[in-house]
Amino acid sequence: MSELIKITRVSGRPIPLRGNDIDTDRIIPARYMKAVTFEGMGQYAFYDARFDADGHSKGHVLDDPRFEAKGPRIAVVNKNFGCGSSREHAPQALLRWGIRALVGESFADIFFGNCVALGMPCVSASEADVLALMAAVEAAPQHELTIDLQTMTATYDGKAYAVSLPGGVRTQLLEGTWDATRILMQAETQVRDTAARLPYVSGFRPRR
Amino acid sequence: MGKSLLDKVWDTHTVRELPSGQTQLFIGLHLIHEVTSPQAFQMIREQGLQVAFPDRTFATVDHIIPTDTQQRPYGDAQAEGMMRAIERNCREFGIRFFDAASGHQGIVHVLGPELGLTQPGMTVACGDSHTSTHGALGAVAFGIGTSQVRDVLASQCLAIQRPKVRRISVDGSLGAGVYAKDVILHIIRRLGVKGGVGFAYEYGGAVLERMAMEERMTVCNMSIEGGARLGYVNPDPTTFAYIRGRDFAPSAEHLDAAVAWWSGTASDPDATYHDVVRLEGADIAPTVTWGINPGQAIGVDERVPAPESFAPDEREVAEDAYGYMDLKPGTPIRGTRIDVAFIGSCTNGRLSDLREAAKVARLGRVRPHVKALVVPGSQAVAQAAEAEGLHEVFKAAGFEWRLPGCSMCLAMNPDKLVGRQVCASSSNRNFKGRQGSPSGRTLLMSPAMVAAAAIEGAVVDVRDLLGQR
């Protein structure tokens, strides 16, 4: 977090994760959160959707050889991705599996915020565009998908799709202020002033 | 033009507008637990930061704590490791920790209101999506991730976008045997699991106004299941009476000043909202989920809906749910055999929940094939329930009376479903694998309905047992 890392473009081989309302319990089952660090979370991404009780592959898309690729990856998802539990373990697992950004129809609020804090853009596109992009990826998965936060496009196999991102978040990513800690700490005096104005902070004792 | 509570609280807690356009929002109360905080403290250490307001963060242990014995070290070495981490973090950074020895341990969202920590007009954040529970007291309360826990520790602030506000008015009154849980399941059923994305839900109307605080907590708790990161009820005399005299409530001599300020935080009568949804209390039946998200809910008299009844973007999830739950469209939900009954959680683990469940438990015995657990939400809830003899009622009926914690709501402790078991559960999520078995199945319902299902060994209408129709 010490240096500003500006995120203007993310490129990587796409991985289509079809389905609406994919919850964070599915992205990482709770039993794998029994740890005091996020290290190793990548191996548990979508664990129960990928493996049966004996640890055998169920042929999930993450293990589909057609979509196997090295380097950074970009997930293509549908509606309300990441709903449910606030666990940052979910984006941490995706990040550590290799996913650097997501394109989808919509994202759950807490998941979206968690991704921003990790510098992982979650850009939205129309339903028609996401379905078209998914179909293009599934038909020919070998191309690079590029998300450009300056032009607000996702480009795949020569076709550009318009994407959106709430203004504040786009600025945060472009300016490299997505890791908010230092920015928040800069306003220490104003924070103390705000606290002093809130009567509950002093137990409603009259101000002198 | 009047303002909503959300707008008022947002304005009083705004430190500044950030260059990005987001708000730097002061957090009045920060709650932490053992699962989502250790990595935040690790970042604080690695980055050489301090905790800015250690007296505005409070900790407890709930997710991993066993409910049969709390003897240390825990049988699960990973759970013990997490416990040691939070003990060390609280000690090193001067944070008050309500552990089992404190007499105040419990589920973080039971604890905050119960101790008087949560108050109207406050901002509350916690690394847990059910933080919306605290909105029942008129607080702006929402879940955050671990990096944001770090931000709150380091600065007592968050960088965040102001949500839109939707008012949901539940008018009229509820029938007998219909509880707060049914109200929120009905709301999510109507508005969908993604209807609330980008919104704060303001709950009001005669039904909410008549509700006791614990019932309002149940409603606000599940806001996130409808996609709304926060939900709240405007503070009123019911709220003020609830807070009075609690450990962290304002002292008696300052209470009038507090009530005056709290009252001022409520939405103005002419407040503007993004939109308003009106629902009728009389339309709400005891409600049960049949699928794999909390919006897949029906009245106990209804049948599992047909695929054609869903909007196109919900049909695929419904198809997935039929298979996972092994329930065919057209099947009555009543009569669905259960293997496990779970009463507890931050949704329904409070004294009034246990009282309603005990009323039903008095009427019979748990079927031999059913494993039934009652897990109080906190040590204080357990003590109060035991003082009333509720534990004896449950035990006499064949329920296990456990120690406080999150338990089988998310099964991070030893309380788990096994294989394809079906659980009637008073918790908040029926996601695939949620209760600890990757193929386990959950039917969400009110605590009274869970008790009834335990006694009948299958989903039943609690109103029949209670002779209410």
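In this text, all values refer to a predicted model and were calculated from it rather than measured experimentally.

Asks: Sorry if this is basic, but what is going on with the overall build of chain A here?
Replies: Secondary structure summary: chain A contains eight helices and seven strands in total. Principal-axis analysis of the C-alpha atoms gives chain A an extent of 70 × 45 × 30 Å. With 208 residues in all, chain A has 48% of them scored as buried. Counting only contacts in chain A whose residues sit at least 6 apart along the sequence, the fraction spanning at least 24 positions is 70%.

Asks: Help me understand the overall build of chain B, please; the structure alone is not making it clear to me.
Replies: A tally of helices and strands in chain B yields 17 helices and 19 strands. Over its C-alpha trace chain B gives a radius of gyration of 21 Å, about what one expects of a compact globule, namely 23 Å for 469 residues. Projected onto its principal axes, the C-alpha coordinates of chain B cover approximately 55 × 55 × 45 Å. The long-range fraction of contacts in chain B, counting pairs at least 24 apart against all pairs at least 6 apart in sequence, stands at 77%.

Asks: Sorry, what's going on with the interface of chain A and chain B here?
Replies: Note on interface size: it is often stated as the accessible area lost on association of the parts. Taken together, the contact pairs 56 residues of chain A with 68 residues of chain B. At the level of secondary structure, the elements contributing two or more residues to the side of chain A that touches chain B comprise helix 1 (24-27), helix 4 (109-117), helix 6 (167-175), helix 7 (181-186) and helix 8 (188-197) of chain A. It is helix 4 of chain A that provides the largest number of residues to the side of chain A that touches chain B, a total of five residues. When grouped by side-chain class, the residues that make up the side of chain A that touches chain B number 25 nonpolar, 19 polar and 12 charged.

Asks: I tried to follow the nonpolar core on my own but got confused; where do I start?
Replies: Where a protein is soluble and globular, its nonpolar side chains tend to be buried together. Ranked by size, the top nonpolar core spans 214 residues in total, and within it Val103 of chain A together with Ala341, Val450 and Ala454 of chain B carry the most contacts. When residues in this core are grouped by element, the largest group, eight residues, is from helix 16 (residues 447-456) of chain B. Leaving out residues up to four positions away in the same chain, Ala454 of chain B has contacts with Ala341, Val366, Val370, Ala372, Phe399 and Ala424 of chain B.

Asks: Can you help me understand the pairing of strand 5 (residues 145-148) of chain A in this one?
Replies: All names here are of chain A. Of the two faces of strand 5, the one holding Leu145 and Ile147 is buried and the one holding Thr146 and Asp148 is not buried anywhere. The pairing of strand 1 (residues 9-17) with strand 5 spans four bridges and is classified as antiparallel. The residue of strand 5 that forms the bridge with Arg9 is Asp148. Looking at chain direction, strand 5 and strand 6 (residues 153-156) are connected through four bridges and run antiparallel. Bridge pairing in strand 6 links Leu145 to Tyr156. In textbook terms, the turn of a hairpin is the stretch between consecutive antiparallel strands, and for strand 5 and strand 6 this stretch comprises four residues, one of which, Met152, has a positive phi near 55°.

Asks: What should I look at first to understand helix 5 (residues 146-155) of chain B in this one?
Replies: All names here are of chain B. Of all 10 residues making up helix 5, 10 are buried, and the element is well covered by its neighbours. Of all the residues in helix 5, the buried ones are Thr146, Ser147, Gln148, Val149, Arg150, Asp151, Val152, Leu153, Ala154 and Ser155. Looking at the residues trailing helix 5, positive phi occurs at Gln156, about 60°.

Asks: Hey, could you run me through the environment of Ala380 of chain B in this one?
Replies: Residues and elements named next belong to chain B. Within the fold, Ala380 resides in helix 14 (residues 379-387). With 21 C-beta atoms counted inside 10 Å, the residue Ala380 sits in the buried group. With 109 residues separating them in the primary sequence, Ala380 and Ala271 have C-alpha atoms 38 Å apart.

Asks: Looking at this model, I keep getting lost on the sheet that holds strand 1 (residues 14-17) of chain B. Mind explaining?
Replies: Residue and element names in this part refer to chain B. With antiparallel pairing, three strands are arranged side by side in an open sheet as 1-2-8. For this open sheet the edge positions go to strand 1 and strand 8 (157-160), each flanked by a neighbour on one side alone. Going from strand to strand, the sheet's axes swing by 20° on average, the running direction of each strand aside. Relative to strand 8, strand 2 (residues 23-26) runs antiparallel, the two being bridged by four bridges. In the sheet register, Leu25 faces strand 8, and the bridge partner there is Leu158.

Asks: Sorry, what's going on with the sheet that holds strand 4 (residues 122-124) of chain A here?
Replies: Sheet strands pair by backbone hydrogen bonding; their relative direction is either parallel or antiparallel. Residue and element names in this part refer to chain A. Across the sheet, which stays open at both edges, the seven strands sit in the order 4-3-2-1-5-6-7 with mixed pairing between neighbours. The open sheet has two edge strands with one neighbour each: strand 4 and strand 7 (159-162). Averaged over all adjacent pairs, the angle separating strand axes in this sheet is 30°, with direction ignored. Where strand 6 lies against strand 7, four bridges are found, and the strand directions are antiparallel. Opposite Tyr156, over in strand 7, you have Lys159 as the bridge partner.

Asks: Would you explain the packing of helix 6 (residues 180-191) of chain B against helix 8 (residues 213-221) of chain B in this entry?
Replies: Helix-helix packing: each pair is described by the crossing angle between the helix axes and the interaxial distance. Residue and element names in this part refer to chain B. The geometry of helix 6 relative to helix 8 is characterised by a closest axis approach of 8 Å and an angle of 25° between their N-to-C directions. On the basis of the axis angle, helix 6 is roughly parallel to helix 8. The interaxial crossing formed by helix 6 with helix 8 has right-handed handedness. On helix 8, the residues that touch Ala180, Lys181, Val183 and Ile184 of helix 6 are Glu215, Thr218 and Val219. For the contact of helix 6 with helix 8, the class distribution of residues is four nonpolar, one polar and two charged.

What counts, and at which threshold
- Residues numbered from 1 in each chain as written.
- Chains lettered and ligands numbered in written order.
- Predicted model: local features only at pLDDT ≥ 70, side-chain atom pairs only at ≥ 80, totals over all residues.
- Helix = DSSP H or I, 4+ residues; strand = E, 2+ residues; numbered from the N terminus.
- Buried ≥ 20, exposed ≤ 12 C-beta atoms within 10 Å, placed from the backbone.
- Contact = placed C-beta atoms within 7 Å.
- Rg over C-alpha atoms; globule rule 2.2 N^0.38 Å.
- Nonpolar A, V, L, I, M, F, W, Y, C, P; charged D, E, K, R; others polar.
- Core = buried A, V, L, I, M, F, W, Y, C linked by C-beta atoms within 7 Å.
- Pairing = 2+ DSSP bridges.
- Axes fitted to C-alpha atoms, helices over the stretch in contact; angles between N-to-C directions.
- Parallel < 35°, antiparallel > 145°, perpendicular 65-115°, else oblique.
- Left-handed = near helix turned anticlockwise from the far one by under 90°.

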